[in-house]
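Coordinate analysis (summary)
Residues per chain are reported as follows:
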Amino acid sequence: MKLIVIINNKGGVGKTTSAVNLSASLARMGKKTLLVDLDPSASTSLHLGFDKQGNRHQTICDYLINPNRRLADYIYETDSEGLDCLPSEPALSEFYDEMQQEEDTEFFLKRSDFPRKYDLIFFDSPPNMGNLALNALAIADYALIPVQTQYLALSGLEVTLNVIEKAQRHLNKRLKILGLFGTQYDRRTRVAKEVYALIQDRFGQQVFETIIGVNSKLTEAFNAQKPILKYAPSARGAKEYQALAAEILKRLKIT
Ligand SMILES: Nc1ncnc2c1ncn2[C@@H]1O[C@H](COP(=O)(O)OP(=O)(O)O)[C@@H](O)[C@H]1O
Ligand SMILES: [Mg+2]
């Protein structure tokens, strides 16, 4: 069982898109996968069809406020075989802040609470990397960093790396960086190539070979509340996330 946090201080870089589509790709490749939504914006949950307004499911927020809780009771199957989800909802942010003030609930996730049947557990994290993200970094094996191929992305990256380093030093000695990968890469622009070259110079082998290009089908898939593998399996975005998933398995030495 490997726990992987998808993390980047910046919003809009492709964390959620990557969390959903990588998880769905790995599930398709036969890996039993859980995707935990730690972002109160609940985009990952929506992407997988968990819409709190329908109110047919509980969320990680219910888990947090229920004293007799068992994490497994808040995990749901998705329409993609082999992929389960622990959904989020906007109230998570408010409840988490309140509970932190009242008692010592800074870290409410324990590694041993997760069912052992999963090969891979991904966490989608909120931007700004507050304590919610630290919860995941405190128990994870790896951080996986999507990087937008635009100049401003590089400054956000330093903040992200600092937080990971602090988590490694103070919370979790096991935590490693699994790697960085480019997202929303616009092949037609010079800036994308330049930024990608800078990332490769700085991070070398840590950068995955697969780059996720700009592909509007990925946004359409989000709007349709389906992974790209279900919405448009032959789209370039689907192929790229499958290639990235294969590279991830190789790096994890899982066959
Ligand atoms: N490779 C891509 N090509 C085109 N649009 C993308 C791509 N990746 C993400 N997007 C879109 O960009 C927006 C932000 O992506 P998202 O995954 O939600 O980022 P984050 O979770 O980091 O905030 C969304 O509208 C998403 O559909
Ligand atoms: Mg997101």
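Structural notes, computed from the coordinates. Note that this is a predicted model, so its numbers are computed, not measured.

Along the protein chain, the regular secondary structure elements total ten helices and seven strands. For the protein chain, the C-alpha radius of gyration of 17 Å lies close to 18 Å, the compact-globule estimate for 255 residues. Expressed along its principal axes, the backbone C-alpha trace of the protein chain runs to roughly 55 × 40 × 35 Å. Counting across all 255 residues of the protein chain, residues that qualify as buried make up 53%.

We now examine the environment of Lys 217. If you trace the backbone, Lys 217 turns up in helix H8 (residues 216-223). C-alpha of Lys 217 to C-alpha of Asp 97: the two residues are 120 residues apart in sequence and 36 Å apart in space.

Within this structure, the stated rule accounts for five aromatic pairs. Note on Phe 114 and Phe 123: the rings are 5.8 Å apart at their centroids and 85 degrees apart in plane angle, and the pair reads as edge-to-face. Just as Phe 114 is buried, Phe 123 falls in that class too. Taking the ring centre of Tyr 63 as reference, the NZ or CZ of Arg 69 above it sits at 5.0 Å. Its guanidinium or amino end placed over the ring of Phe 208, Arg 251 lies 3.8 Å from that ring's centre, counting from NZ or CZ.

This part is about the site of ligand 1. As a structural note, the neighbourhood of ligand 1 is formed by 14 residues, with Gly 12, Thr 16, Thr 17, Gly 213 and Asn 215 the closest of them. The contact in question runs from an oxygen atom of ligand 1 to an N or O atom on the backbone of Thr 16, over 2.9 Å. Take Thr 219: an N or O atom from its side chain is 3.0 Å from an oxygen atom of ligand 1. With the chains in place, 78% of the 560 Å² that ligand 1 exposes on its own is no longer accessible. When contributions to the shell around ligand 1 are tallied by element, the ones reaching two or more residues are helix H1 (15-28) and H8. No other element matches H1, which puts three residues into the shell around ligand 1. Split by residue class, the shell around ligand 1 holds four nonpolar, nine polar and one charged.

Looking now at the state of the cysteines. A full pass over the atoms with the stated rule returns zero disulfides. A disulfide-free cysteine, Cys 61 has its sulfur positioned 14 Å from the sulfur of Cys 85, the nearest such atom. The exposure class assigned to Cys 61 is buried, which follows from its relative accessible area of 2%.

This brings us to the packing of helix H4 (residues 91-102) against helix H5 (residues 131-139). Following both chains from N to C, one finds H4 and H5 inclined at 80 degrees, their axes separated by 11 Å at the closest point. Between H4 and H5, the angle falls in the class roughly perpendicular. Each of Leu 92, Tyr 96 and Gln 100 in H4 lies in contact with H5, whose residues at this interface are Asn 131, Leu 132 and Asn 135. A class-by-class count of the residues in the contact of H4 with H5 yields three nonpolar, three polar and no charged.

It is worth spelling out the pattern of salt bridges at this point. Within this structure, the stated rule accounts for eleven salt bridges. With a closest N to O distance of 3.8 Å, Asp 141 and Arg 174 form a salt bridge. Of this pair, Asp 141 sits in the loop between H5 and strand E6 (142-148) while Arg 174 sits in the loop between helix H6 (151-170) and strand E7 (176-183), and the two are 33 residues apart along the sequence. Take Asp 141: its relative accessible area is 8%, and that puts it in the buried class.

Conventions adopted
- Each chain has its residues counted from 1, following the order in which its sequence is written.
- Chains carry letters from A onward and ligands carry numbers from 1 onward, assigned in written order.
- Note on the predicted model: pLDDT of at least 70 is required for a residue's local features to be given, and 80 or more for side-chain atom pairs to be given and counted; whole-chain, interface and lining totals, by contrast, use all residues.
- The basis for the side-chain values is all heavy atoms of the structure; hydrogens and waters are excluded.
- Secondary structure elements are taken from DSSP: a helix is a run of H or I of four residues or more, a strand is a run of E of two residues or more, and numbering for both begins at the N terminus.
- In this treatment the radius of gyration is a C-alpha quantity, and the globule benchmark scales as 2.2 Å times the residue count to the 0.38 power.
- Residue burial is assigned from relative accessible area. The probe radius is 1.4 Å, only protein chains are included, and a residue is buried under 20% of its type maximum, exposed over 50%, and partly exposed in between.
- Note on aromatic contacts: the rings of Phe and Tyr and the six-membered ring of Trp form a pair at centre separations within 6.5 Å, being stacked when their planes are under 30 degrees apart, edge-to-face when over 60 apart, and tilted otherwise.
- Two thresholds decide whether a charge sits over a ring: the Lys NZ or Arg CZ must be within 6 Å of the ring centre and within 35 degrees of the ring normal.
- Neighbouring residues are identified by heavy atoms, a residue being near a molecule or strand if any of them is within 4 Å of it.
- Counted as a polar contact is a pair of N or O atoms within 3.5 Å, where, for protein atoms, one must be capable of donating a hydrogen and the other of accepting one, and residues adjacent in sequence contribute only when both atoms are in side chains.
- Per-residue and other accessible areas were derived by the Shrake-Rupley procedure at a 1.4 Å probe size, with only the shown protein chains allowed to occlude residues.
- Residues are grouped as follows: Ala, Val, Leu, Ile, Met, Phe, Trp, Tyr, Cys and Pro are nonpolar; Asp, Glu, Lys and Arg are charged; all remaining types, including Gly, are polar.
- We call a pair of cysteine sulfur atoms a disulfide whenever their separation is within 2.5 Å.
- Between N-to-C directions, angles cover 0 to 180 degrees, with each direction set by a line fitted to C-alpha atoms, over the stretch in contact for helices.
- For classification purposes, angles smaller than 35 degrees are called roughly parallel, those larger than 145 roughly antiparallel, those between 65 and 115 roughly perpendicular, and all remaining angles oblique.
- For this analysis, residues touch if any pair of their heavy atoms sits within 4.5 Å.
- What makes a salt bridge here is a side-chain nitrogen of Lys or Arg within 4 Å of a carboxyl oxygen of Asp or Glu, nothing more.

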